[in-house]
Structures are given as C-alpha cells and as structure tokens.
Amino acid sequence: MKRPFVIAVASEKGGVGKTTIATNLAVYLKALREDLPVTIASFDNHFSVDQMFALGPHPEGSVANLIEGCPVEELAVLGQYGVQYVASSRRLQPPSHDPAWLRQRVSASKLDGILILDTRPILDWFTEAALLSADLVLVPVKDRAALINAGSLRQIMADAGRAEKLWLLPSLVDTRARLNAEVRVHEFLIYGARERDYQVLDICISKSPKVEGLASGFSSRIRPVLTHARNTSVHGQFKKLAEFVLSNSAAEIFENRSRSDGEDGLEGLPVARRRKLILECPLCCQQSLHADGHFFFDLSSRRRGFIHPDCCDKLFAELELYVSTPDEMLALTIEGPGLVGPESRLTAHLFDADESLVASEELDREKNHLSEGLSMMIGRPLDAAYRELVLVNRKAISPAEQLGEDLYRRFALRRRKIARELRLAGLF
Ligand SMILES: Nc1ncnc2c1ncn2[C@@H]1O[C@H](COP(=O)(O)OP(=O)(O)O)[C@@H](O)[C@H]1O
Ligand SMILES: [Mg+2]
C-alpha cells in the first residue's frame, strides 16, 4: 500500500530553525527529485508555510480539517516550487483521542511521496502526534539548552520503540564561534550529543544573515534559500540535508513508487523521458498517470504531464478554439510582465494535424482556474513568467502510449514545428 514517508521537524525550543528547515527541505527535495511529490503541513499558527508556498486563492481546507479526520490528500494543494501544502490554521484544538491516531490516518492515506510536518515549540498533542507519525524526526539544536530539551522528544520515540528514527541537526550554528582555542561551539555540541547517545547529522545549518533576511522585512512572502540565498553556505547544507533524506530514509518510497509505476507500464521508459514528468494533474492535483489524459509540455521548464479529460474541459471552458477536432494541438503562449508591462498576456493558438496555425485567441488571465492550472504546468506563478510556450494535446491518450517511442518522437517533432511556426508569425 502506498503511504507517504513522514518527516517531523520538532523541538521544544522556539527559534531553533524548525520552520526554516521544514520549508526549505521541501523545496530542496522537490528540486532534487522533481517526480517526487512533496507535501508540507504545519501545526504552528505562524502561517510561514502558507507565506512560502501559497499560490492562487486561499485553499478551503486546512490542518484543522486534518485533525477532524479529513484525508490529507484532499487537503493538500499544489503550491510554489512544485511543493504541495496544507494550509495552516490559527486555532487548532487538540482532539480527545490519542496522538497515535494521526499515524493511522496518515498510513491509511493515499498521499504519495514525502510529507513534512512542522511543529510548535511545545510538546503538545500535535507535536506528539507528528513524532509518532514520523519515519524520520529532525530535531534542530542550536545550543546546549536545546540539546537538553531533546530528551523528552527522545523519550516519546523510545517509548514507541522508534528511537532510531530521531536525528539531531545542528542549526543556526556560528561555525566560527569558539569555546576555547581548540574547540568550536558546534563541535562541542556534536560531541555532547554523541556522548548522550544521540544520532547527530554531520550536516550543520549555519547562521547566515542572508537566510535570516528571507523571513523578515515587509514582504508577506518568505523566499526559499534555493532561489534567494544560493550564494550562502546554507544552500549547500540544505542540498546535503535533502540528499540525506533521499538516500537514507526515502528508499521505501521509491520501492512503493516503482511498484505502482509498474502498473502504469511506464517503468521501461528512458530516465530522461520520466525525469520531468509530473505525476499529478495540474488542475486537481490528483494522480494522472493511470488513465488517458491530455499530454502537456512546457518548453522552458520541460515539465510534462497529463491533464484529466474532465479537468481539461474545465480549464478551457471559456476558450472558443477548444471545441475542435481531437487531432489538434493547443499552444499556449505566455508573455510575462518582463516583456509587456505589469500584466502578463496569455494567448492560445490552435494547430491542426499538419502543424499549421488555425486560429489564435486571447485568454482572460484573471480566470483563476486558468492561471492556476497554467502556473502548475510551468512550475511558477504567471507573474514570474517571462516567455513561455505550453503545448497541450487535444487528444486524450494513455500515458504509456504517449510517452512510448513512436508518439514521443512524433510529439517532439510537432513541438519543434509549432514553435518555429509561432516564431515566424511573430507570436512567440
Ligand atoms: N540558518 C539561519 N541563519 C540565520 N537565521 C536563521 C536561520 N534559520 C532560521 N533563522 C531565523 O531564526 C528565526 C527562527 O527560525 P524558525 O525557523 O522560525 O525557527 P522555529 O520554527 O524553530 O521557531 C527566524 O527569524 C529565522 O529567519
Ligand atoms: Mg516555527
């Protein structure tokens, strides 16, 4: 059975970097493995997760619904950087049942990939539920006090017979600070942790003013290290952390996934063809590799995937061009604000089976489902688009066939011809 691999980031101390680690880990995991669904939810009421990942209107569900028993896969919505998130809630009420309940709920869920749970700086019902659900617990420690505090988390894990899942992660470390001439503070911390028999990651997240700046200031957005602090040492540290998670802990997900991919008949495809394959429909975020779908391809990010036929109808409901014969190909061009002023422009072009342009139609980018669907296809908000070309096959085809040798080559050929046609016509 498919279940997500759960990572809890926990510490009874506040300000040790839990939220920074949870959110950035999600972004780095997704960057390293684009085909791996990554979902994040926070039991904290700070809305940092929403500030980093929100894309489009506020989702209807939140973690409060999760606690009421709503399946996590129904609450997760696709957000920025390809990460799915569950919206935070201001008021979470601990339910009357045992915290171990969450583990059962998550195990029974159909959510695929990795689920990251950020927690509050107290050992309440929610933190305990996150710990008991977790296949990996990361405990950021920045000083001796945080190390002592980790004891109660370890006790919970040990009582559940899962002590080996818990790892300390030195965080907010000033790698230059010294205890004395020989010993740096973080080395002392690691030594102290090992002496107390903790597993300690040999990765430290350094304290960096640039990283601190990402979450402060007047912007309502929190930016990831990957996109806004790449030149810091923290960038390499998060990359290593994500690699640790992938190599040590997520092996079982890949086992699960290759088994279910096998059912799709996609396991024999060349890696290059599967690498940027998005597993979910960009409109409803549910799996879309199990049945016929409309193949889409974004030229600049090279993201590709399938849109459910119903979702495709919804997506293009207002487009007159859309009612047409199925052999045709829709080419959507997005001219980002960098090119045409404050608003981006969205145009659909219809091509026939011989790659001749049949007609073009301007689209209303204020239509939410359209801009959201497209954002998810290109992997970033339309406002951040520069010049994009997304192709959507009007014909719904089984993923195995569409990605198979013949049709894949045919599609690549059509793609090139269409891009050339659009360029020649001055439309792209
Ligand atoms: N590596 C880092 N370098 C500098 N500042 C950091 C770093 N990680 C987190 N911070 C800052 O420290 C503060 C606490 O981080 P946060 O992730 O919110 O911790 P927690 O969730 O444990 O309370 C925030 O202001 C955050 O911007
Ligand atoms: Mg926090």
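Notes on the structure follow. Here the residue index of a chain counts from 1 through its sequence in written order. By the order in which they are written, chains take letters starting at A while ligands take numbers starting at 1. In keeping with the predicted nature of the model, local features appear solely for residues at pLDDT of at least 70, side-chain atom pairs appear and are counted solely at 80 or more, and the whole-chain, interface and lining totals rest on all residues.

When a protein is soluble and globular, its nonpolar side chains tend to lie buried together. By definition, a nonpolar core groups buried Ala, Val, Leu, Ile, Met, Phe, Trp, Tyr and Cys residues that are joined through C-beta atoms within 7 Å. For the exposure call, what matters is how many other C-beta atoms sit within 10 Å of a residue's own: 20 or more marks it buried, 12 or fewer exposed, and in between partly exposed, using C-beta atoms placed from the backbone. Among the nonpolar cores identified, the biggest contains 117 residues, and A8, L25, Y85, I116, V137 and V139 are the most heavily contacted of them. Helix and strand assignments follow DSSP, with helices taken as H or I runs no shorter than four residues and strands as E runs no shorter than two, numbered in order from the N terminus. The biggest single contributor to this core is helix α1 (residues 18-32), with 7 residues. The domain limits used here are those given by an automatic or database domain assignment. There are two domains that each give this core at least three residues, and those are domain 1 (5-254) and domain 2 (265-424). Think of it this way: build a C-beta for each residue from its backbone, and any pair within 7 Å is a contact. Once residues within four sequence positions are removed from consideration, V139 is found in contact with A10, S11, A150, L153, L166, W167, L168 and L169.

Turning next to helix α6 (residues 125-133). Buried residues dominate α6, accounting for 9 of its 9 residues. All buried positions along α6 are accounted for by W125, F126, T127, E128, A129, A130, L131, L132 and S133. Looking at the packing, one finds that the buried side of α6 touches β1 (5-9), α5 (101-107), β5 (114-118), β6 (136-141) and α7 (144-159).

Using a C-beta atom placed from the backbone, a residue is described as near a molecule or strand when that atom lies within 6 Å of it. As a matter of local geometry, ligand 1 sits amid 17 residues, with K18, T19, T20, E212 and A215 nearest to it. Only Asp, Glu, Lys and Arg are considered charged in this grouping, and only Ala, Val, Leu, Ile, Met, Phe, Trp, Tyr, Cys and Pro are considered nonpolar; every other residue, Gly among them, is considered polar. Residue composition of the shell around ligand 1, by class: 7 nonpolar, 7 polar and 3 charged.

In this section: the sheet that holds strand β4 (residues 84-85). Pairing in this open sheet of 8 strands is mixed, and the strands run β3-β4-β2-β5-β1-β6-β7-β8 from one edge to the other. The sheet is open, and its two borders are formed by β3 (77-78) and β8 (205-206), each paired with just one other strand. Pairing geometry for β3 and β4, over 2 bridges, is antiparallel. The partner of L78 across the bridge, within β4, is Q84. Strands in contact with α1 are β1, β2 (38-42), β5, β6, β7 (166-173) and β8; relative to β5, the strand with the most contacts, it is inclined by about 165 degrees. Helix axes are fitted only over the stretch in contact, all axes being lines through C-alpha atoms; the angle between N-to-C directions runs from 0 to 180 degrees. Each of β6 and β7 is contacted by helix α8 (residues 185-195), which is oriented at about 165 degrees to β7, the strand it contacts most. Criterion used throughout: strands pair if DSSP finds at least two bridges between them.

In this section: the sheet that holds strand β12 (residues 345-351). In spatial order, the strands read β10-β9-β14-β11-β12-β13; together these 6 strands make up an open sheet with antiparallel pairing. Strands at the two margins of the open sheet, each flanked by one partner only, are β10 (304-307) and β13 (357-363). Each strand axis lies, on average, 25 degrees off the axis of its neighbour in the sheet, ignoring direction. In this sheet, strand β14 (residues 387-397) lies alongside strand β11 (residues 329-335) in antiparallel orientation, the contact comprising 7 bridges. For A331, the partnering residue across the bridge sits in β14 and is L391. Sitting on the sheet, helix α16 (residues 368-378) touches β9 (293-298), β11, β13 and β14, and the angle it makes with β14 is about 100 degrees. Strand contacts of helix α18 (residues 405-424): β9, β11, β12, β13 and β14, with the helix running at about 50 degrees to β11, the strand carrying the most contacts.

With that settled, consider the environment of L226. Within the fold, L226 resides in helix α10 (residues 225-228). L226 sits in the partly exposed class, given 17 other C-beta atoms within 10 Å. C-alpha separation for the pair L226 and G236, spaced 10 residues apart in sequence, amounts to 9.3 Å. Sequence-distant contacts of L226, defined by excluding residues within four places in its chain, comprise V27, Y28, A31 and H235.

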